[in-house]
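# Report on the structure
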Amino acid sequence: SAVISQKPSRDICQRGTSLTIQCQVDSQVTMMFWYRQQPGQSLTLIATANQGSEATYESGFVIDKFPISRPNLTFSTLTVSNMSPEDSSIYLCSVRSRATDTQYFGPGTRLTVL
Amino acid sequence: DQQVKQNSPSLSVQEGRISILNCDYTNSMFDYFLWYKKYPAEGPTFLISISSIKDKNEDGRFTVFLNKSAKHLSLHIVPSQPGDSAVYFCAASGGSGGSNYKLTFGKGTLLTVNP
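Notes on the structure follow. (Residues numbered from 1 in each chain as written. Chains lettered and ligands numbered in written order. Predicted model: local features only at pLDDT ≥ 70, side-chain atom pairs only at ≥ 80, totals over all residues. Heavy atoms only, no water.)

This part is about the overall build of chain A. A count of helical and extended segments in chain A gives zero helices and 11 strands. Starting at the N terminus, the α and β elements of chain A follow one another as β-β-β-β-β-β-β-β-β-β-β. Over its C-alpha atoms chain A spans a radius of gyration of 13 Å, differing by no more than 12% from the 13 Å that the globule rule assigns to 114 residues. The principal-axis extents of the C-alpha atoms in chain A amount to approximately 40 × 25 × 25 Å. Residue pairs in contact within chain A that sit at least 24 positions apart in sequence constitute 53% of those at least 6 positions apart. Approximately 5,400 Å² of chain A is accessible, and the part contributed by carbon and sulfur atoms is 48%. (Helix = DSSP H or I, 4+ residues; strand = E, 2+ residues; numbered from the N terminus. Rg over C-alpha atoms; globule rule 2.2 N^0.38 Å. Contact = heavy atoms within 4.5 Å. Areas by Shrake-Rupley, 256 points an atom, 1.4 Å probe, with all protein chains shown as cover.)

This is how it looks when you write it as structure tokens:
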């Protein structure tokens, strides 16, 4: 399985500010994803990060609120823009292994917005 | 509309006994199912998966059973160990290619294994 790291591991932010979360993988992967887990809820897919093109967003998520970059096959960032307390969640990066047809997750970023 | 449901928020079992975690789904397009384990402050860890062409997959102490007609799957852990105490998520995906790799998750079941 791929080794995935995320920065920061946690942060406390003020309303109206933005936070960029980084995801680094130890091997080249085709497919990278960003998920959110709100308190007491299941994991929800935000978007698929596409290398060299715009991310593909799921229903309910928009690029202005969650801009994503994917400059190469090992790195991606997710920005949570103009934050409100409702954005307090765990944000998780995942990658798909073509060899095992399985998704592996990073450790997550726990975000609290005051 | 919750397409993947884990109706038991929590389960408590004794060490050495069997743990059975259940999951139901509503979308008949789902054809690949996975179980993840999550400890606090960590990301989900992949446990085991099953394709819809099978009805059982086994890996050590973990076995997943799939009943397609009932749209139900279950994870059996035998024997249960205290280190198995975690939240278990059921996830499903549909078809092959592109967007069909996206996973739909249940809300999770907190398993507590008592020594």
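Two strands in a sheet stick together by hydrogen bonds in their backbones, pointing the same way (parallel) or opposite ways (antiparallel). If you trace the five strands from one edge of the open sheet to the other, you get 1-3-8-7-6 (chain B), paired in antiparallel fashion. On the outer flanks of this sheet lie strand 1 (4-5) and strand 6 (56-59) of chain B, each paired with one strand and no other. (Pairing = 2+ DSSP bridges.)

By definition, a disulfide links the sulfur atoms of two cysteine residues through a covalent bond. Residues and elements named next belong to chain A. Counted according to the given criterion, the structure contains two disulfides over all chains. In this model cysteine 23 forms its disulfide with cysteine 93; the gap between the sulfur atoms is 1.9 Å. Around the S-S axis, the bridge from cysteine 23 to cysteine 93 shows a dihedral of about -60° and counts as left-handed. Here the residue cysteine 23 occupies a position in strand 3 (residues 19-25), and cysteine 93 occupies one in strand 9 (residues 89-97), the gap between them amounting to 70 residues. Both residues of the pair, cysteine 23 and cysteine 93, belong to the buried class. Free of any disulfide, cysteine 13 has its nearest cysteine sulfur in cysteine 23, 18 Å distant. (Disulfide = S-S within 2.5 Å. Buried < 20%, exposed > 50% of the residue type's maximum accessible area, 1.4 Å probe, protein only.)

This paragraph deals with the pairing of strand 11 (residues 109-114) of chain B. Residue and element names in this part refer to chain B. Burial along strand 11 is one-sided: the residues Thr109, Leu111 and Val113 are buried and none of Leu110, Thr112 and Asn114 is. Direction of pairing for strand 2 (residues 10-14) relative to strand 11: parallel, over a ladder of five bridges. Paired with glutamine 14 across the strands is asparagine 114, a residue of strand 11. Alignment of strand 9 (residues 86-94) against strand 11, held across three bridges, turns out to be antiparallel. Within strand 11, the residue paired with tyrosine 88 across the bridge is threonine 109.

With that out of the way, let us pick up the interface of chain B and chain A. Every contact between the two is made by 17 residues of chain B and, on the other side, 21 residues of chain A. The interface formed by chain B and chain A contains one salt bridge. For A:Glu58, the salt bridge identified is with B:Lys102, shortest N-O distance 2.7 Å. If you look at where chain B meets chain A, you find four residue pairs in polar contact (both at pLDDT 80 or more). It is strand 4 (residues 30-38) of chain B that contributes the most residues to the side of chain B that touches chain A, four residues altogether. (Salt bridge = Lys/Arg side-chain N within 4 Å of Asp/Glu carboxyl O. Polar contact = N/O pair within 3.5 Å; in protein donor to acceptor, adjacent residues only side chain to side chain.)

Any two side chains of opposite charge can pair, so long as their charged atoms come close to each other. Throughout the structure, instances matching the rule amount to four salt bridges over all chains. Here B:Lys56 and B:Glu58 are joined by a salt bridge, their closest N and O atoms 4.0 Å apart.

What follows concerns the environment of B:Cys90. Residues and elements named next belong to chain B. As for its placement among the helices and strands, cysteine 90 is situated in strand 9. Considered as a pair, cysteine 90 and lysine 37 are 53 residues apart in the sequence and their alpha carbons are 9.0 Å apart. Look past the residues within four positions of cysteine 90 in its chain and what remains in contact with it is Val4, Gln6, Cys23, Leu34, Trp35, Leu73, Thr104, Phe105 and Gly106.

Another aspect to go through is the sheet that holds strand 1 (residues 4-7) of chain A. All names here are of chain A. What the four strands build is an open sheet, ordered 1-3-8-7; its pairing is antiparallel. A single partner strand is all that each edge strand has here, and the edge strands are strand 1 and strand 7 (68-72). Neighbour-to-neighbour, the strand axes of the sheet open up by a mean angle of 15°, direction not taken into account. Direction of pairing for strand 7 relative to strand 8 (residues 75-80): antiparallel, over a ladder of three bridges. Paired with isoleucine 68 across the bridge in strand 8 is leucine 78. (Axes fitted to C-alpha atoms, helices over the stretch in contact; angles between N-to-C directions.)

That is the geometry; function is a separate question.
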